[in-house]
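Take a look at the letters that make up each chain.
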Amino acid sequence: MQDLRRVGPPREQVDDPDAATERLRRFLLDHRPLVLTGAGISVAAGLPAYRDATGQWQHAQPMQHRDFLGSDAARRRYWSRAMLGWRAFSAAAPSPVHRSLARWQHAERIGLIVTQNVDALHQRAGSIDVLDLHGRLDTVVCLDCQAESPRSAMQDRLEAANPDRVTPLARVVKPDGDTGVDTVDADFRLPACERCGGRLKPDVVFYGDTVPRARVDAVKAALDTAGALLVIGSSLSVYSGYRVARWAAESGFPTVLVNPGVTRADPLADVRLAVDAQTVLPTV
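Throughout this document, residue positions are counted from 1 along each chain, in the order its sequence is written. Predicted model: local features are reported for residues with pLDDT of at least 70 only, side-chain atom pairs are reported and counted for 80 or more only, and whole-chain, interface and lining totals are derived from all residues. Water and hydrogen atoms were dropped before computing side-chain values, which therefore reflect all heavy atoms in the structure.

Student: Sorry if this is basic, but what is going on with the pattern of salt bridges here?
Tutor: Side-chain pairs of opposite charge can arise where the charged atoms are in close proximity. We define a salt bridge as a contact between a side-chain nitrogen of Lys or Arg and a carboxyl oxygen of Asp or Glu at a distance within 4 Å. Applying the stated criterion across every chain yields a total of 17 salt bridges. For R213, the salt bridge goes to D217, with nearest N and O atoms at 3.1 Å. Placement of both R213 and D217 in helix α7 (residues 213-226) is noted, with a separation of four residues, approximately one turn of the helix. Residues joined by salt bridges that share partners form a network here, namely D164, R165, D187 and R189. Numbering of helices and strands starts at the N terminus; helices are DSSP runs of H or I of at least 4 residues and strands are runs of E of at least 2.

Here it is as structure tokens:
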């Protein structure tokens, strides 16, 4: 078993885009890896990354799971911000990286795509085998009766209930569809579940919540089948993604990271291609 106590840089780092392209091409000729993606691949789609090149958080802290569950004010704050950000968020189009991965998957050069993103851009790009590790923002679930509904329908209800707050100019939209609104008026009207009158939540894993066990098991099984890991556009700062790199290291599976900035898994990786995936993947 690989010694996971090792610290420092990856065994090999490639900074030149042309060399990185060739290194990635050779990796895909030798392996059919599981692919793990993060917010960095959606930057070209108009959605900013969570962290900068050094791994530091770039935005205000996102909604916490326990706050959303336990506070009516927190739910109103979340939905008021999400209402303003949804139109821009849902208009984001797949990036060249999303489209490249879809082509590779159809050509059977890669296996399952596991994404930490909640934007459904892999599916819109045409990928056929995607596991949304943290859920998808385009679905809403009732916390009380588990009924599901489209996020677009929730948007219509939010705007109808709060017409004075509808604006075509959203503030900066974050990777989770949130915006920069800091406060919400007490009279913001929050629709309830149409089936039971319960609390509505986007069908995503908020910070502080846990990824459903079935998804975790599915990722582990797919990684064992693939025998190799390719991580693209993620600092792997969140444990749910980082543990996939740990599993690969524990099993001795070759791991390639494509990320211009540092990642939490650098010490575990065989190679880090320290380049923007947008400049490399479309040319492989």
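Still more ground to cover, so stick around.
Student: Please explain the pairing of strand β2 (residues 34-37) as it appears in this structure.
Tutor: The two faces of the sheet receive side chains in turn, since in a regular strand these alternate between them. Exposure categories follow from relative accessible area, calculated using a 1.4 Å probe and restricted to protein chains: below 20% of the type maximum is buried, above 50% is exposed, and the middle band is partly exposed. The two faces of β2 match: L34 and L36 on one face and V35 and T37 on the other face are all buried. Note on pairing: two strands pair once DSSP finds at least 2 bridges between them. As paired strands, β2 and strand β3 (residues 113-115) are joined by three bridges and run parallel to one another. Each bridged residue has a counterpart across the sheet, and for T37 the counterpart in β3 is T115.

Student: Can you walk me through the sheet that holds strand β6 (residues 148-150) in this structure?
Tutor: Think of a sheet as strands paired side by side through backbone hydrogen bonds, with each pair either parallel or antiparallel. A sheet is described by the order of its strands in space; here three strands give the open sequence β6-β5-β7, paired in antiparallel fashion. Each edge of the open sheet is held by one strand with a lone partner, namely β6 and β7 (200-204). Neighbour to neighbour, the strand axes of the sheet diverge by 45 degrees on average, direction disregarded. When strand β5 (residues 135-142) meets β7, the two strands line up antiparallel, connected through four bridges. By the bridge assignment, V140 is partnered in β7 with P202. Whether two residues are in contact is decided by their heavy atoms, any of which lying within 4.5 Å being enough. Fitting a line to C-alpha atoms yields each axis, with helices limited to the stretch in contact; the angle taken between N-to-C directions then spans 0 to 180 degrees. Each of β5 and β7 is contacted by helix α3 (residues 72-90), which is oriented at about 140 degrees to β5, the strand it contacts most.

Student: In this structure, what is going on with the packing of α3 against helix α6 (residues 151-161)? I would like to understand it.
Tutor: Helix packing for two helices is described by the angle between their axes and how far apart those axes are. Their axes nearest at 10 Å, the elements α3 and α6 cross at an angle of 115 degrees. On the basis of the axis angle, α3 is roughly perpendicular to α6. Where α3 crosses over α6, the handedness of that crossing is left-handed. Between α3, through W79, A82, M83, W86 and R87, and α6, the contact on the second element is made entirely by R151, S152, M154, Q155, D156, L158 and E159. The class makeup of the residues in the contact of α3 with α6 is six nonpolar, two polar and four charged. For classification purposes, angles smaller than 35 degrees are called roughly parallel, those larger than 145 roughly antiparallel, those between 65 and 115 roughly perpendicular, and all remaining angles oblique. In this scheme the handedness of a crossing depends on how the near helix is turned from the far one: anticlockwise by less than a right angle means left-handed, clockwise means right-handed. Amino acid classes used here: Ala, Val, Leu, Ile, Met, Phe, Trp, Tyr, Cys and Pro are nonpolar; Asp, Glu, Lys and Arg are charged; the rest, including Gly, are polar.

Student: Teacher, can you tell me more about α6 here?
Tutor: Because an α-helix packs 3.6 residues into every turn, residues spaced three or four apart end up facing the same way. R151, M154, Q155, L158 and E159 are the residues of α6 that are buried. Here the buried residues of α6 occupy an arc of 130 degrees about the axis, which is enough to place them on one side. Close packing links the buried residues of α6 with α3, β5, β6 and β7. By definition, the arc is the one covered by directions from the helix axis to the C-beta atoms.

Student: Is there a simple way to explain the packing of aromatic side chains in this structure?
Tutor: Each aromatic ring pair is specified by the distance between its two centres and by the angle formed by the two planes. In this analysis, rings of Phe, Tyr and Trp, with Trp reduced to its six-membered ring, are considered paired at centre separations within 6.5 Å, and the interplanar angle assigns stacked below 30 degrees, edge-to-face beyond 60, and tilted for intermediate values. Evaluation of the coordinates by the stated rule reveals six aromatic pairs. Aromatic side chains Y239 and Y242 sit 6.3 Å apart centroid to centroid with 55 degrees between the ring planes, which places their arrangement in the tilted category. Pair noted here: Y239 and Y242 are both in helix α8 (residues 239-251), with a separation of three residues, about one helical turn. Classification of Y239 by relative accessible area gives partly exposed; the value is 44%. In this structure Y242 comes out as buried when scored by relative accessible area, which is 10%. Only Lys NZ and Arg CZ are tested; either one counts as a charge over a ring when it is within 6 Å of the ring centre and within 35 degrees of the ring normal. Just above the ring of Y242 sits the side chain of R264; from NZ or CZ to the centre is 4.1 Å.

Student: Honestly, unusual backbone geometry in this entry has me stumped. Any pointers?
Tutor: Trans peptide bonds make up most of the peptide bonds, and negative phi angles are found at most residues other than glycine. Although it is not a glycine, E108 sits at a positive phi angle of roughly 60 degrees. The phi torsion at A120 lies on the positive side, around 60 degrees, for a residue other than glycine. Looking at where A120 falls in the secondary structure, it is placed in the loop between β3 and α5 (121-125). Its relative accessible area of 6% is what places A120 among the buried residues.

Student: Help me understand the sheet that holds strand β8 (residues 229-232), please; the structure alone is not making it clear to me.
Tutor: Pairing is parallel across the open sheet formed by seven strands, whose spatial order is β1-β10-β9-β8-β2-β3-β4. Of all strands in the sheet, those with a lone pairing partner are β1 (12-14) and β4 (130-132), marking the two edges. Adjacent strand axes in the sheet meet at a mean angle of 15 degrees, parallel and antiparallel pairs treated alike.

Student: Where do I start with the state of the cysteines in this structure?
Tutor: Disulfide: a covalent bond formed between the sulfur atoms of two cysteine residues. Sulfur atoms of two cysteines make up a disulfide when they are within 2.5 Å. Scanning the model with the defined rule gives zero disulfides in all. In this structure C142 is not part of a disulfide, and its nearest cysteine sulfur, from C196, lies 3.5 Å away. A disulfide-free cysteine, C193 has its sulfur positioned 3.8 Å from the sulfur of C142, the nearest such atom. We classify C193 as buried; its relative accessible area is 9%.

Student: Could you clarify how one ought to interpret the pairing of β5 in this entry?
Tutor: Burial analysis of β5 places six of its eight residues in the buried class, which makes it a mostly covered element. Bridge count for β5 against β6 is three bridges, and the pairing is antiparallel. Directly across from V140, in β6, lies its bridge partner S149. Between the end of β5 and the start of β6, which pair antiparallel, lie five residues, with Q146 showing a positive phi angle near 65 degrees.

Geometric descriptors of this kind do not, in isolation, establish any biological role.
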